[in-house]
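# Structural overview
Residues per chain, in single letters:
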Amino acid sequence: MSKKLAGHAPKNPLLSPRFGDIATFARLPHTRELKGVDMAVLGIPFDGGTTYRPGARFAPRAIRNASVMNRNVHPDHGVHIYEKLSVIDWGDINCNPLNLKKTFDAIEKDYGTLLKAGVLPIAMGGDHSVMYPILRAMKKKHKHFGLIQFDAHTDTADQAWGEKFHHGTPVRRLIDEKVLEGKNVFQVGIRGPLTSVDQMSWDESQGITHLGMDEFHATGMRTILAKLDTGIPYYLSFDIDGIDPAFAPGTGTPVVGGLSSYEALSCVRKLRGLKFIGFDLMEVAPMYDHAEITTMLASALIFEFMGLAAI
Ligand code: MN
Ligand code: MN
């Protein structure tokens, strides 16, 4: 016997088949009415902070298309997401493709609205620069929180071409502005060639924890799980390039030697029990994808976020 739904839930596929209709995330209702809503999926179609291959602006639409096969029950957690939570597709934030500052302002404002209504946000980026305004908005509501980030890159560069804001700098800026403390930043999947030998020294000086691929293969998530302060909530940011391009080719700055699809899903599952204040899935660039493997994985990872939120 199924229990009562908590509120908004996906359309019944036996009435409206999954391959039809307008694609919202997981076929959830698209609304901006936040009364009674627990969680919202939203898009940030912006790639003006990209330093290499652009295209993440097209990710929210592509992930929505791939997400129509997402169902209701998380088999490992044994939870029916929509019996626990009322969930909507909020639509996209109005980004200005020619202006980083105006886009960041729009993101911070819309996140303010969502957080004020007590809604747990899940963002589909967008390039990773948009994490900066998201976490600035989070800081207005939550005094202390940490960051768990899956990424090939640390995103702690200081600048590029003299610009302080791009997808390689959000973590640096957020620590500079004391939105984050380095000791509460945990990065999984870090790998690949660096520009200079001392590129990691700033990260070390801030106390950021990196879980590189050798260590991941030796110990899994144990290092991170042992070090996490469980007394604070976390924001979970997933840059799809944390995954190996063999499993996620559709991204702008791919780095070989990363996590497999299964490893990524399993890592996220292992974070059960932590309190989360928000989630994002960034850097999918659908035009480099093949057979939807990246967008299907992005959609599955968002389902994992929903599972963590519903436990
Ligand atoms: Mn990143
Ligand atoms: Mn990255």
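Scope of this entry: the structure provided in the associated data block. (Residues numbered from 1 in each chain as written. Chains lettered and ligands numbered in written order. Predicted model: local features only at pLDDT ≥ 70, side-chain atom pairs only at ≥ 80, totals over all residues. Heavy atoms only, no water.)

A word on the overall build of the chain. Scanning the chain from N- to C-terminus turns up 10 helices and 10 strands. Taken against the 2.2 N^0.38 rule, which gives 19 Å for 311 residues, the C-alpha radius of gyration of the chain at 18 Å falls within 12% of a compact globule. For the chain, the spread of C-alpha atoms along the three principal axes comes to 60 × 45 × 40 Å. When the 311 residues of the chain are sorted by exposure, 58% land in the buried category. Taking the contacts inside the chain whose residues are at least 6 apart along the sequence as the reference set, 78% of them involve residues at least 24 apart. Accessible surface, the chain: about 13700 Å² in total, of which carbon and sulfur atoms supply 55%. Of the charged side chains in the chain, 34 are positive and 34 negative, and the gap between their average positions amounts to 8 Å. (Helix = DSSP H or I, 4+ residues; strand = E, 2+ residues; numbered from the N terminus. Rg over C-alpha atoms; globule rule 2.2 N^0.38 Å. Buried < 20%, exposed > 50% of the residue type's maximum accessible area, 1.4 Å probe, protein only. Contact = heavy atoms within 4.5 Å. Areas by Shrake-Rupley, 256 points an atom, 1.4 Å probe, with all protein chains shown as cover. Lys, Arg positive; Asp, Glu negative; His and termini not counted. Charge placed at Lys NZ, Arg CZ, Asp CG, Glu CD.)

Let us look at the packing of helix α9 (residues 261-269) against helix α10 (residues 293-310). As a packed pair, α9 and α10 sit with axes 9 Å apart at the nearest point and diverge in direction by 15 degrees. Between α9 and α10, the angle is such that the two are roughly parallel. The element α9 and its partner α10 pack so that their crossing is right-handed. Residues Ser261, Ala264, Leu265, Val268 and Arg269 of α9 pack against Leu297, Ala300, Leu301, Glu304, Phe305 and Leu308 of α10. Considering only residue class, the contact of α9 with α10 consists of eight nonpolar, one polar and two charged. (Axes fitted to C-alpha atoms, helices over the stretch in contact; angles between N-to-C directions. Parallel < 35°, antiparallel > 145°, perpendicular 65-115°, else oblique. Left-handed = near helix turned anticlockwise from the far one by under 90°. Nonpolar A, V, L, I, M, F, W, Y, C, P; charged D, E, K, R; others polar.)

One can find leucine 180 in the loop between α5 (170-176) and β7 (185-190). For leucine 180, a relative accessible area of 3% corresponds to the buried category. For the pair leucine 180 and histidine 144, spaced 36 residues apart in sequence, the C-alpha to C-alpha distance is 8.0 Å.

Viewed as axis vectors pointing N to C, helix α1 (residues 59-66) and α10 meet at an angle of 80 degrees, and their least axial separation amounts to 8 Å. Our classification of the angle between α1 and α10 gives roughly perpendicular. For the pair α1 and α10, contact is made by Ala62, Ile63 and Ala66 and by Thr295, Met296, Ala298, Ser299 and Ile302, respectively.

Quick look at α10 now. Given 3.6 residues per helical turn, the α-helix brings residues three or four places apart onto the same face. End to end, α10 covers 26 Å across 18 residues, agreeing with the expected 26 Å (1.5 Å per residue, within 8%). A large share of α10 lies buried, amounting to 14 of its 18 residues. (Expected span 1.5 Å × (residues − 1).)

Note that threonine 209 resides in strand β8 (residues 209-212). Given the relative accessible area of 6%, threonine 209 is considered buried. Engagement of the side chain of threonine 209 in a polar contact is seen with the side chain of lysine 227, the distance being 2.9 Å. Setting aside chain neighbours within four positions, we find threonine 209 in contact with Val185, Phe186, Gln187, Ile224 and Lys227. (Polar contact = N/O pair within 3.5 Å; in protein donor to acceptor, adjacent residues only side chain to side chain.)

With that out of the way, let us pick up the coordination of the manganese ion (ligand 1). The coordination sphere of the manganese ion (ligand 1), as far as protein atoms go, consists of His128 (ND1), Asp151 (OD), Asp155 (OD) and Asp239 (OD), spread over 2.1 to 2.2 Å. Every donor residue of the manganese ion (ligand 1) comes from the same chain, spaced as H-x22-D-x3-D-x83-D. Between the two metals, the manganese ion (ligand 1) and the manganese ion (ligand 2), the spacing is 3.3 Å, and aspartate 151 donates to both. Of this pair, histidine 128 sits in the loop between β5 (120-125) and α4 (131-141) while aspartate 151 sits in the loop between β6 (146-150) and α5, and the two are 23 residues apart along the sequence. In this structure, histidine 128 and aspartate 151 share a single accessibility class: buried. (Donors = N, O, S within 2.8 Å, 3.2 Å for Na, K, Ca; no water.)

Quick look at the sheet that holds β8 now. Taken together, the eight strands give an open sheet; going across it, the order is β4-β1-β5-β10-β9-β6-β7-β8, and neighbouring strands pair in parallel fashion. Strand pairing shows two members of the sheet lacking a second neighbour, β4 (87-92) and β8, which therefore form its edges. Strand-to-strand twist of the sheet, defined as the mean angle between neighbouring strand axes without regard to direction, takes the value 15 degrees. Where strand β1 (residues 39-44) lies against β5, six bridges are found, and the strand directions are parallel. (Pairing = 2+ DSSP bridges.)

With distances of 2.1 to 2.5 Å, the protein atoms coordinating the manganese ion (ligand 2) are Asp151 (OD), His153 (ND1), Asp239 (OD), Asp241 (OD) and Asp241 (OD). Taken in chain order, the donor set of the manganese ion (ligand 2) reads D-x1-H-x85-D-x1-D.

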